[in-house]
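Observations on the three-dimensional arrangement
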Amino acid sequence: MASHTLHQLQNEEMQQQIIKETFQLVSKRDDNVCNFLEGGSLIGGADYKLIYRHYATLYFVFCVDSSESELGILDLIQVFVETLDKCFENVCELDLIFHVDKVHYILNELVMGGMVLETNMTEIITRIDDQNKLEKQEAGLAAAPARAVSAVKNMNLPQQIKDIKLPDLPAAIKDLKF
Amino acid sequence: MNKARDSLGTMSSIKQVINDAVEKGKEVYEKVRQPNPIRLRDLIRQIRSAKTAAEERAVVNRECAYIRLTFREEDSVWRCRNVAKLLYIHMLGYPAHFGQMECLKLIASPRFTDKRIGYLGAMLLLDERQDVHLLITNSLKNDLNSSTQFVQGLALCTLGAIASPEMSRDLAGEVERLLKSSNAYIRKKAAVCALRIILKVPELMEMFLPATRSLLSEKNHGVLITGVTLITEMCLQSPDMLAHFKKIVPNLVRILKNLIMAGYSPEHDVQGVSDPFLQVKILKLLRILGCGDSDASETMNDILAQVATNTESSKNVGNAILYETVLSIMDIKSESGLRVLAINILGRFLLNADKNIRYVALNTLLRVVHADNSAVQRHRSTILECLKDADISIRKRAMELCFALINGNNIRTMMKELLTFLENAEPEFKATCSSKCVLAAEKYSPNVRWHIDTLLKVVEAAGNHVPDDVVSSTIQLISETRAEQAYAVGELWRHLSVAQLEFQPMIQVSTWCIGEFGDLLLNGQADVTVEETQIIEIYQKILWASQCSITTKEYALTSLMKLSARLNQEVGSIQQVVSAFGSHLNIELQQRGIEYSQLFTRHNHMRGPLLERMPPFEGVRGNGTEGEKGGIAITNGLDNSPDNQSLLNDLSSPNNNNNINSTHENNESNALLLLLGGIEPGEGDTVQAVTSPATSTINATPAPRSTVNADILDLLGLEPGPTAPSNTTTSTSPAQLSHTNNSSSPALLLDGLLNNTSSTTTTTTAGIASLSTPTANSTTLPTNNFIIPQSLSQPSVPGIVAYDKNGMKLDMTFEIQDSVTTINMLATNTSLAQVTDFLFQAAVPKSLQLQMMTPSSTSMAPSATLTQVIKVNNPSKVPLRMRMRLSWQANGSVVQDQGEISHFPPALWQ
């Protein structure tokens, strides 16, 4: 199982292909070879490198251009993984699969638009915690079903059916235009 | 639902009818719309429990259909959950772009939870090309002005990831304002946003300049790191900015100093090093600012030395900093002592157990080896060790570095290691490695014996991965060093006698040399005892082995033929073997078989002289001039059937000379040769007697030779008389061949020379050509030894273009001798297709007689040429006209055309 974090790659259609090939390349590599893979045409040419770290069943792969220090990126991956570990309390691959969104949030505090943003783990964790609290106050994702139940109860079904046939156009437009 | 039904029961009958219909509709509705959408984690569980890819697709498709439906229903309650599910589906690689609009709606929601998912979706699902960008810009603008720092943060983060040029222009003002925010969390994100904006719209750089400068006085490391990144990008983008930021060098030095001098700070400590990320970024910026600037470099020298000496190198973090320091030292104008220190750090890296550190060390050494060769030399033995590394990337770097380090003093040891490496290397390394070995050996060989030994070892070690140029370089080296030929041929015999026949290059080199110098092998000079029968046996093995390539067999067959003039007892068996090839399936080999058999029967008297040893290839080796040298071996247009010319090249060369000898003529031509300054390298007997002191110095360089050509042309121009007939031999029939050879006019020799030069200009090799011409040059243009340079006849009659249509061009040049006009026609294939079955037919008025010679070829590759000679006897001097019919095949279809040429120059009959 591999978790990939690819940055600065624009083409949506290519992404799956890249991920597939990257995984094939990286997973075949022996543990006693270096953690750098020099750019194939797929990831944008010679200026780009794949830098990865291998943790048990997980590979963390970063794709960087020549403006980044190879060894520095290895440290950055380490910081990322340690942060994940702290946020999830002994992170395992299932945490990453079931909380992809949270992994993204954490990564977004570490790296932004492909640039290193913050490397201080305590700072990252504090900010993530603060934002999670904010969500809880709003009775975040997890509380949504409760509200939904009450919403269903109050639903006037015939009215609902009418809504389907004739969607509330002005409202839809308002939402769109926001 | 029951409740609904109960209430329906109390209604009037009319109402009931209506409501029944409503009920029906509701059931249908309920079927498609489950009241509670499944949760993200349930979806993930479902997907994970799918046993086959098809099953997974079914789950995803069902869920996607459902999500689409809810989107259409404008279900705002579940939107957040549905988008989250969609993002998971997107991550699995399924199309999810229909969710873009929903993300925008979530962003517009006042709830942070919605915004968070919405912005994440925007980052994942939108890219620069989407029209929705217009819509998101407004939301971003609102959120950038939000009072909640996390909402601002989300907006900045999204902008930093997906900003398009338009968005950049629209939102630059907001970002600039946030860059001055009092909140460090916002400032650092605004800095990255600014970076993205100037990447998209460089004109906006000026606007961020004041705010950027103040970022360096920060305490917060996050802001510092993004600030330094932003400045680095500005410096890279604009020379003005680079000049402007030169003055911050002292600030950067101070920050760096504080970092390394400051004691332990738990906040920024990474494995005992204080914020290595920031250090790396600063070192990088210093390198850009100090590059080519001695003042700035001066300011940094001290701190770089401090970092280089004070950084603890037992962990990756320390080494990351050291690595950047080394790169900076090498890039700026640093003191020499510092540079040595830097290279020594890299030398230490090479000994590090961590393969990543070895890798970056080799990479860096490779970059600096040309600037500081002697400093790198000190780590040679360590670098050689890396040739044995388990990691292919490291081995590749080490190999390149080794070749960069080879010099006259260390070539013996280095080559020994590299040969061991070559032997065990992966196939993809062998070609480059062997070529580089040859180059290095050529440059630094201590003596010829060693050089030959090395090349043979290279050919042997690289097996079938030897590039052609290595084969030809080896042959050439042996050919040109007379003193070592006996030794070489002995060594090669030893190889050949035990060869496994699967490695072609070694067999090719061996057969070539044994063919040429077989006599040395037999007369005991070569330090081996060989029976003639053994040789024949080996050759038979090679010639009939299925593992041997056609090229190898071509080498072997010609070599065997040559041996027929070197051996004493086994000539009969050679004849047998050779004539057996007269029915070989490969047309090239078959032709050789037939031709060579002829030399045993009808032209046995010519065989000996014809198979003389090749003149040594002299001059520059291993570059493009080989083609030219090859051309020297290609002599005389004596034979010109399309295919065999290349083969007989080497044979015809001595032949020609021999015939000149046999007729014992040629004071004139010898004199001419002298005039030509020995353009023919020392070859056949009498000619050599005259010209041997003059070696082929001219041939080594193409430029002077062309001037010699011009001389020849001048000579010809002065002496146009007797040249014509001998110029026009176009038959392969040996009778005619010898006839023309015997024609004792000086023009024959000239002809040879001229053809010679022309064939070098259209360098052509096919099949065995590589035998006589050890060139790596294998363009298979049909040869033509017969191009008569137009300038040749120009002094007398101007040439004409007889035809230029349908991708075919016919040029005609003329020579007049009494009443006979010789038309040299040069056909050029100007199309992009291969031309085959070229046929030119002509008719002239009755008072004239026409004689058509065989064309030099009937096929032409694109832009190749062929020649044909037409002789017209015009005793009554009437104006020349010619009707012609042309046909050829191109792209599988036949092209035909006919016409009349009536614009012959009047000089032809006046």
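Everything numeric here is computed off the predicted structure, so don't read it as measured data. (Residues numbered from 1 in each chain as written. Chains lettered and ligands numbered in written order. Predicted model: local features only at pLDDT ≥ 70, side-chain atom pairs only at ≥ 80, totals over all residues. Heavy atoms only, no water.)

A few words now on the overall build of chain B. Each helix and strand counted, chain B has 45 helices and ten strands in total. Buried positions account for 58% of the 910 residues belonging to chain B. Counting contacts in chain B only where the partners sit at least 6 residues apart, residues at least 24 apart contribute 68% of the total. Surface accessibility of chain B: about 36,700 Å² in total, with carbon and sulfur atoms responsible for 52%. (Helix = DSSP H or I, 4+ residues; strand = E, 2+ residues; numbered from the N terminus. Buried < 20%, exposed > 50% of the residue type's maximum accessible area, 1.4 Å probe, protein only. Contact = heavy atoms within 4.5 Å. Areas by Shrake-Rupley, 256 points an atom, 1.4 Å probe, with all protein chains shown as cover.)

Our focus in this paragraph is the sheet that holds strand S6 (residues 835-843) of chain B. Residue and element names in this part refer to chain B. With respect to topology, three strands assemble into an open sheet ordered S6-S9-S10, the strand pairing being antiparallel. Looking along the sheet, the strands with just one partner apiece sit at the ends: S6 and strand S10 (893-901). Taking each pair of neighbouring strands and ignoring which way they run, the sheet shows an average axis angle of 15°. (Pairing = 2+ DSSP bridges. Axes fitted to C-alpha atoms, helices over the stretch in contact; angles between N-to-C directions.)

A few words now on the sheet that holds strand S3 (residues 800-805) of chain B. Residues and elements named next belong to chain B. Read across the open sheet, the five strands follow the order S3-S4-S5-S8-S7; overall the sheet is antiparallel. The outermost strands of the open sheet, each flanked by one partner alone, are S3 and strand S7 (849-852). Mean inter-strand twist for the sheet, computed between neighbouring axes without regard to direction, equals 20°. Of the strand pairs in this sheet, S7 and strand S8 (residues 865-873) are connected by four bridges, and their pairing is antiparallel. Residue pairing across strands places Leu-850 opposite Val-872, the latter belonging to S8.

Below, the discussion takes up the interface of chain B and chain A. Contacts between the two partners involve 81 residues from chain B, matched on the other side by 67 residues from chain A. A buried area of about 6,700 Å², summed over both sides, lies between chain B and chain A, and 60% of it is on carbon and sulfur atoms. Counting every contact that joins chain B to chain A gives six salt bridges. A salt bridge links Glu68(A) to Lys281(B); the nearest nitrogen and oxygen atoms lie 3.8 Å apart. There are 17 residue pairs in polar contact (both at pLDDT 80 or more) connecting chain B and chain A. Residue contributions to the side of chain B that touches chain A peak at eight residues, all from helix H7 (residues 112-125) of chain B. Residue composition of the side of chain B that touches chain A, by class: 37 nonpolar, 20 polar and 24 charged. (Buried area = accessible area lost by both parts, 1.4 Å probe. Salt bridge = Lys/Arg side-chain N within 4 Å of Asp/Glu carboxyl O. Polar contact = N/O pair within 3.5 Å; in protein donor to acceptor, adjacent residues only side chain to side chain. Nonpolar A, V, L, I, M, F, W, Y, C, P; charged D, E, K, R; others polar.)

What follows concerns the side chain of Asn82(B). Position of Asn82(B) relative to the elements: it lies in helix H5 (residues 79-91). Those residues in contact with Asn82(B), other than ones at most four positions away along the chain, are Pro37(B), Tyr66(B), Ile67(B), Thr70(B) and Phe71(B).

All names here are of chain A. Where strand S2 (residues 36-38) and strand S3 (residues 48-55) come together, three bridges link them in antiparallel fashion. Bridge pairing links Phe-36 to Ile-51 in S3. Here eight bridges tie S3 to strand S4 (residues 58-65), and the two strands are oriented antiparallel to one another. If you follow Arg-53 over to S4, its bridge partner there is Phe-60. Two successive antiparallel strands, S3 and S4, enclose a turn made up of two residues, where Ala-56 displays a positive phi of approximately 45°.

Geometrically, a packed helix pair is captured by the angle between its two axes and the distance between the axes. Residues and elements named next belong to chain B. Relative orientation of the contacting elements helix H31 (residues 550-563) and helix H32 (residues 571-580) amounts to 150°, with a least axis distance of 10 Å. In terms of their interaxial angle, H31 and H32 are classed as roughly antiparallel. Crossing of H31 over H32 shows left-handed handedness. Between H31, through Leu-557, Leu-560, Met-561 and Leu-563, and H32, the contact on the second element is made entirely by Ile-574, Val-577 and Val-578. (Parallel < 35°, antiparallel > 145°, perpendicular 65-115°, else oblique. Left-handed = near helix turned anticlockwise from the far one by under 90°.)

The next point concerns the packing of aromatic side chains. Applying the stated criterion across every chain yields a total of ten aromatic pairs over all chains. Ring centres 4.9 Å apart and planes at 35° place the aromatic pair Phe36(A) and Tyr359(B) in the tilted group. A residue pair is termed interchain when its members come from two chains, as with Phe36(A) in strand S2 and Tyr359(B) in helix H20 (residues 355-368). Measuring from centroid to centroid gives 5.5 Å for Phe150(B) and Tyr185(B), while their planes differ by 70°, and the two rings are edge-to-face. Here the residue Phe150(B) occupies a position in helix H9 (residues 149-162), and Tyr185(B) occupies one in helix H11 (residues 184-200), the gap between them amounting to 35 residues. Overall, Phe150(B) belongs to the buried group, its relative accessible area being 7%. Residue Tyr185(B) is classed as buried on the basis of its relative accessible area, which comes to 1%. A cation sits over an aromatic face here: Arg116(B) above Tyr105(A), 3.9 Å from the ring centre. Cation over ring: Arg449(B) sits above Tyr487(B), and NZ or CZ is 3.7 Å from the ring centre. (Phe/Tyr/Trp six-rings, centres within 6.5 Å; stacked < 30°, edge-to-face > 60°. Lys NZ or Arg CZ within 6 Å of the ring centre and 35° of its normal.)

Another aspect to go through is the confidence of the model for chain A. Should the pLDDT be low somewhere, the predicted coordinates at that spot are not to be read in detail. All names here are of chain A. Of all residues in chain A, 69% attain a pLDDT of 70 or more, and the chain-wide mean is 74. Across residues 1-10, where pLDDT falls below 50, the model places 38 contacts with residues more than four positions away in sequence or in other chains. A low-confidence stretch, residues 157-178 stays under pLDDT 50, and its non-local contacts, those more than four residues away or across chains, total 18 contacts. (pLDDT = per-residue confidence, 0-100.)

Most of the time, phi is negative for any residue but glycine, and the peptide bond is trans. All names here are of chain A. For Ala-56, which is not glycine, the phi dihedral falls at a positive 45°. On the secondary structure map, Ala-56 appears in the loop between S3 and S4. You will see that Glu-89, though not glycine, has its phi angle at about 55°, which is positive. Looking at where Glu-89 falls in the secondary structure, it is placed in the loop between helix H2 (70-88) and helix H3 (93-98). Looking at Glu-89, the relative accessible area reads 66%, which means it is exposed.

Our next topic: the pattern of salt bridges. Enumeration over the complete set of coordinates arrives at 36 salt bridges over all chains. The salt bridge partner of Glu203(B) is Arg169(B), with a shortest N-O separation of 3.8 Å. Of this pair, Glu203(B) sits in the loop between H11 and helix H12 (205-215) while Arg169(B) sits in helix H10 (residues 165-179); the two residues are 34 residues apart in sequence, bridging distant segments of the chain. Under the relative-accessibility criterion, Glu203(B) is labelled exposed at 55%. Within this structure, Glu118(A), Glu123(A), Arg127(A) and Lys188(B) form a network of salt bridges that share partners.

Residues and elements named next belong to chain B. Here Phe-617 shows up in the loop between helix H34 (604-610) and helix H35 (625-633). We classify Phe-617 as buried; its relative accessible area is 6%. Through-space distance from the C-alpha of Phe-617 to that of Ile-475 is 9.2 Å; in sequence the pair is 142 residues apart.

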